[in-house]
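# An overview of the molecular structure
Listed below, chain by chain, are the residues.
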Amino acid sequence: MKRRLLFHRDFHQYTGGHGKVWDYFNHAGTHPQWSTAIHLTANSTDLHNPWRVNQVRSDLQWLPQSASALFLAGLDWNAYLMDDASKPVVNLIQHVRHADPADCLHQHLSRRAIRICVSQAAADAICGTGLVNGPVLVIPAAIDLDGLPPAAPARHGVFIGATKQPQLGQMLLARLQALGRDATLIDQWVPREHYLALMARSRVAVVLPSPTEGFFLPGLEAMALGCVAVVPDCIGNREYVNSGVNALVPPAELDALVAAIAQLDDARYAEALVAAGKTTAAKFGLASERAKFHAILDEMDSLWAN
């Protein structure tokens, strides 16, 4: 009989964090010795919820005792009120902010879990607190390379992904338009398919992370789509960004971003960045992430015991 890995989600609207939990749900579901289950809260009615889109049956009640092991990420901890030493917990860490004592997630570091960090930076951050209870493993975040939209045959303009820094994005759009440059701004949530389609039509993609991202997938998606990526540093994206080689990494400041975009008028330099970016992105497919997670599931009992 397969063992049951139980997930929990309170899904109000699509985020990259929800998307990565969805990836892990699918990874676990392909393991020969594990089955998956999920409890979606009553508020999880968003039409872009992938569990609902794909008609995955949700457990009507949240019953941790019914599972062989739990998969928790972010605020899922709040639904698991009483730790059970006999029940393994896999905790996905997607932000370096878990290490910040002011963050609400910090308090859970001392709770026993097998922690999977989406970058070495996230692992270093939480281990540096001295509070972590249980093994810490790193599986770099991956993207669905096969699920990306095709690149437009004729690419033009600048895509500005600024949902996490809308004010800076708006300022950049105004400056670029004043300079006569074609630019498209996304500064609020839109369906993921629309976001990626707009990016795929653009020659340059400026994607603006929060400073404490654990990885930041849009930068990698821009590379995979063949855009020239302009990605300010956010600690976590050091996992894949090589400044001046596969992307430009200016400070998250208006003048610096404008100057970086101007550099890309050099077509030969831009083409070199695109080529290197595609090579980088090809290393971050879901198959690698899945294989590494399956190895953890294989060793679940020994990891938990030790």
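So, here's what we can say about the structure. No experiment lies behind these values; they were computed from the predicted model shown.

A separate point is the nonpolar core. Membership of the largest hydrophobic core comes to 66 residues, with the highest contact counts inside it found for L5, F71, M199 and F293. Setting aside anything within four residues of it in sequence, one finds L5 in contact with A28, W34, S35, T36, A37, A69, L70, F71, F293 and L297. Membership of the second largest hydrophobic core comes to 24 residues, among which are I160, V228, L257 and A260.

Looking now at the environment of A281. Structurally, A281 is set in helix 8 (residues 267-281). Classification of A281 as buried rests on a relative accessible area of 1%. Considering only alpha carbons, one finds A281 and L196, 85 residues apart in sequence, at a separation of 15 Å. Leave out the neighbours within four places in its chain, and A281 touches L145, L220, M223 and A224.

So, about the pattern of salt bridges. On inspection of all chains with the given rule, the structure shows 13 salt bridges. Between E289 and K20 there is a salt bridge whose closest N-O contact spans 3.0 Å. Linking E289 in helix 9 (residues 286-298) with K20 in helix 1 (residues 16-29), this pair joins segments that are 269 residues apart in sequence. Across the pair, exposure class does not vary: E289 and K20 are buried alike. With its nearest N and O atoms 2.9 Å apart, the salt bridge here joins E221 to R192.

Moving on, we get to the sheet that holds strand 6 (residues 136-138). Strands sit in the order 2-1-3-4-5-6 across an open sheet of six strands; the sheet is parallel. Each edge of the open sheet carries a strand with a single partner, namely strand 2 (34-40) and strand 6. Ignoring which end each strand starts from, the neighbouring axes of this sheet average 25° apart. Examined bridge by bridge, strand 3 (residues 69-73) and strand 4 (residues 89-93) share four bridges and lie parallel to one another. Looking at the pairing, L72 lines up with N91 of strand 4. Across the face of the sheet, helix 1 comes into contact with strand 1 (3-9), strand 2, strand 3, strand 4 and strand 5 (114-117) while running at roughly 170° to strand 1.

Reading guide: rules and limits
- Residues numbered from 1 in each chain as written.
- Predicted model: local features only at pLDDT ≥ 70, side-chain atom pairs only at ≥ 80, totals over all residues.
- Heavy atoms only, no water.
- Core = buried A, V, L, I, M, F, W, Y, C linked by side-chain atoms within 4.5 Å.
- Buried < 20%, exposed > 50% of the residue type's maximum accessible area, 1.4 Å probe, protein only.
- Contact = heavy atoms within 4.5 Å.
- Helix = DSSP H or I, 4+ residues; strand = E, 2+ residues; numbered from the N terminus.
- Salt bridge = Lys/Arg side-chain N within 4 Å of Asp/Glu carboxyl O.
- Pairing = 2+ DSSP bridges.
- Axes fitted to C-alpha atoms, helices over the stretch in contact; angles between N-to-C directions.

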